[in-house]
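Take a look at the letters that make up each chain.
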Amino acid sequence: MKSITFWFSFAGKSAGLETLCGNSGSRPFSHREKREPICKKGGAILKQGLQKMQRPFLSVLFALIVGAAVIVLVGENCISAYSILFQGAFGGPMQLGETLIKTTPLIFTALSYSFAFRCGLINIGAEGQLYIGALCSTWAGIHFQGMPAALHVALALLCGFLGGALWGGIVGFLRVRYGASEIITTVMLNYVAVLFVNYCAGGPLREPGGAYPQSAQVYESVRLIRPFEGSRLHIGLLIALCALAVYGIFFRWLPAGYEMRLVGQNQDVARYAGMNVKKDLMVAMLLSGGLGGLAGSMEILGVQFRLMQDFSSGYGFDGIAVALLGGNHPVGILLAAILFGGLRSGGNMLQMMTHVPLAMINVIQAAIILSMLVRLPKYPVLRKRRV
């Protein structure tokens, strides 16, 4: 009797997983079935990839059209303005370096949002996690003088990750224990983090004898290496690329990533399959917060070298747009981060060379977000006729 009960239970769980994956009602899989040719399968994969790229491409195109309309209303030539914008972002090694500097924190904040989203959570708190990570990395950077450079950098990055993970863990605990909406708690904790870091920069961590509310500079041993002379580009970009690769491998091939994706798609099925849903939600928020904290570490250890009040220019919120535009895919996130980094970098030159204000970049970004969120209606004319 126990064996019969076990097999019925196993069959029920398998049916639930098949239902989740969209295989219910189809004939059972057989290894004897004729496999499709490799070229046909490759063509299907390419077609699917192009379909996924269609919406982001149209969103960017729509945003550029909206931006062109704003430029014309200002009284400038939109073609020359976009040419200046492109030159300011990718016109030379110096401009490209500045674009990649801004790309690095955008990658981490986008990963922070995407990691939680894959587990069914909406993390709007990357900005707050970035601030807490920067605070912890600054503390490690102004202490431990004389430590070897490699260990000092590793310690500062670890502190930034743990600080962000702690801030994200608060959200995870409130969600798991009390069912609090992570959207509300992350937004509220953003304000708490920014105000707390501003207090620390002007209070406990303030530079002794300094006239401004900022910390002392971090030691030379903890600063990220700048491989190119005359450029501010640092090895944080390489760390961000490694994080993208780990993110892709985790959700693509590792069992823990599959479990989190299953929890994000259907918690009831995951719970019925024996998965610990609360544990996965908690771990997802911890790792998501840690990635947001690393964004703050990159800014302190690679660019600014000291903690200042309101040092972030909204990387946490822009990271959400990067994740949406990139479809939460590693390659998409990288391309979207480069685009948004180029808009930030080229927007400064655009403002200096023309009468177009820097706020026009915000208009373009807002148009991208709106076009990605709007669901276009499916007209019957576009649907395939059933036989």
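Every value quoted in this text rests on a predicted model; they were computed, and no experiment measured them.

### Regarding the confidence of the model for the protein
Averaged over every residue, the pLDDT of the protein is 85; residues scoring 70 or more account for 83%. Contacts from residues 1–34, a stretch scored under 50 in pLDDT, to residues over four places away or in other chains number 17 contacts. Overall, residues 379–387 carries pLDDT values under 50, and its contacts beyond four positions in sequence, including any with other chains, amount to one contact.

### A closer look at the packing of aromatic side chains
This model, assessed by the stated rule, comprises ten aromatic pairs. Relative to Tyr247, the ring of Phe115 has its centre 6.5 Å away and its plane inclined at 50°; by these criteria the two rings are tilted. With a gap of 132 residues between them, Phe115 in helix α4 (residues 93–118) and Tyr247 in helix α8 (residues 236–253) connect regions that are remote in the sequence. Judged on exposure class, the residue Phe115 and its partner Tyr247 are both buried.

### Side note on α4
Between its first and last C-alpha, α4 extends 36 Å over 26 residues, near the 38 Å set by a 1.5 Å rise per residue. The buried count for α4 comes to 20 of 26 residues, which makes it a mostly enclosed element. Of the residues flanking the end of α4, it is Gly120, one or two places downstream, whose phi is positive at about 85°.

### Comments concerning the nonpolar core
Counting residues in hydrophobic clusters, the biggest one holds 84 residues, and the most contacted among them are Phe108, Leu111, Leu307, Val322 and Ile368. At ten residues, helix α11 (residues 277–304) tops the list of elements feeding residues into this core. Not counting chain neighbours up to four residues away, the residues in contact with Ile368 comprise Ser59, Val60, Ala63, Leu325, Leu339 and Phe340. Membership of the second largest hydrophobic core comes to five residues, among which are Leu100, Leu233, Leu237 and Val303.

### Digging into the packing of helix α5 (residues 126–141) against helix α6 (residues 149–178)
The contact between α5 and α6 brings their axes to 7 Å, and the two run at 145°. Crossing geometry of α5 relative to α6 is assigned as right-handed. Across from Gly128, Gln129, Ile132, Gly133, Cys136, Ser137, Ala140 and Gly141 in α5, the residues of α6 making contact are His152, Ala156, Cys159, Gly160, Gly163, Gly164, Trp167 and Gly168. Of the residues contributing to the contact of α5 with α6, the split by class is six nonpolar, ten polar and no charged.

### A short note on the pattern of salt bridges
Tallying each qualifying case throughout the model produces seven salt bridges. Of the charged contacts in the structure, one is a salt bridge between Glu98 and Lys102, with a shortest N-O distance of 3.8 Å. Taken together, the positions of Glu98 and Lys102, both in helix α4 and four residues apart, correspond to about one turn of that helix. The partner of Glu98 in a salt bridge is Arg232, with the nearest N and O atoms 2.7 Å apart. Of this pair, Glu98 sits in helix α4 while Arg232 sits in the loop between α7 (182–202) and α8; the two residues are 134 residues apart in sequence, bridging distant segments of the chain.

### A closer look at α8
Given a rise of 1.5 Å per residue, 18 residues ought to cover 26 Å, and the 25 Å separating the end C-alpha atoms of α8 matches this to within 8%. Listed in full, the buried residues belonging to α8 are Gly236, Leu237, Ala240, Ala243, Leu244, Tyr247, Gly248, Phe250 and Phe251. Around the axis of α8, the buried residues are gathered within 165° of arc, so they sit on the same side. Among the exposed residues of α8, those oriented more than 90 degrees off its buried face are Leu238, Val246, Arg252 and Trp253. In this structure, the buried side of α8 is in contact with α4, α9 (255–265), α11 and α13 (330–353).

### Some remarks on the side chain of Thr99
With respect to the helices and strands, Thr99 occurs in helix α4. Ignoring sequence-local partners within four residues, the contact set of Thr99 consists of Ala89, Phe90, Ile338, Gly341, Gly342 and Ser345.

### A closer look at the environment of Met308
Here Met308 shows up in the loop between α11 and α12 (315–325). Remark: the alpha-carbon pair of Met308 and Leu135, spanning 173 residues in sequence, is separated by 9.6 Å. Residues in contact with Met308, not counting those within four places in the same chain, are Ala201, Pro213 and Gln214.

### Things to note about the packing of α4 against α12
Viewed as axis vectors pointing N to C, α4 and α12 meet at an angle of 70°, and their least axial separation amounts to 7 Å. What the angle tells us is that α4 and α12 run roughly perpendicular. Considering how the two elements wind past one another, α4 and α12 form a crossing that is right-handed. Contacts between α4 and α12 involve Lys102, Pro105, Leu106, Thr109, Ala110, Tyr113 and Ser114 on the former and, on the latter, Tyr315, Gly316, Asp318, Gly319, Ile320, Val322, Ala323 and Leu324. When its residues are assigned to classes, the contact of α4 with α12 shows nine nonpolar, four polar and two charged.

### As for the environment of Ala165
Here Ala165 lies in helix α6. We classify Ala165 as buried; its relative accessible area is 10%. Apart from the residues within four sequence positions on either side, Ala165 is in contact with Leu286, Gly289 and Gly290.

Thresholds applied
Residues numbered from 1 in each chain as written. Predicted model: local features only at pLDDT ≥ 70, side-chain atom pairs only at ≥ 80, totals over all residues. Heavy atoms only, no water. pLDDT = per-residue confidence, 0-100. Contact = heavy atoms within 4.5 Å. Phe/Tyr/Trp six-rings, centres within 6.5 Å; stacked < 30°, edge-to-face > 60°. Helix = DSSP H or I, 4+ residues; strand = E, 2+ residues; numbered from the N terminus. Buried < 20%, exposed > 50% of the residue type's maximum accessible area, 1.4 Å probe, protein only. Expected span 1.5 Å × (residues − 1). Core = buried A, V, L, I, M, F, W, Y, C linked by side-chain atoms within 4.5 Å. Axes fitted to C-alpha atoms, helices over the stretch in contact; angles between N-to-C directions. Left-handed = near helix turned anticlockwise from the far one by under 90°. Nonpolar A, V, L, I, M, F, W, Y, C, P; charged D, E, K, R; others polar. Salt bridge = Lys/Arg side-chain N within 4 Å of Asp/Glu carboxyl O. Arc of directions from axis to C-beta. Parallel < 35°, antiparallel > 145°, perpendicular 65-115°, else oblique.

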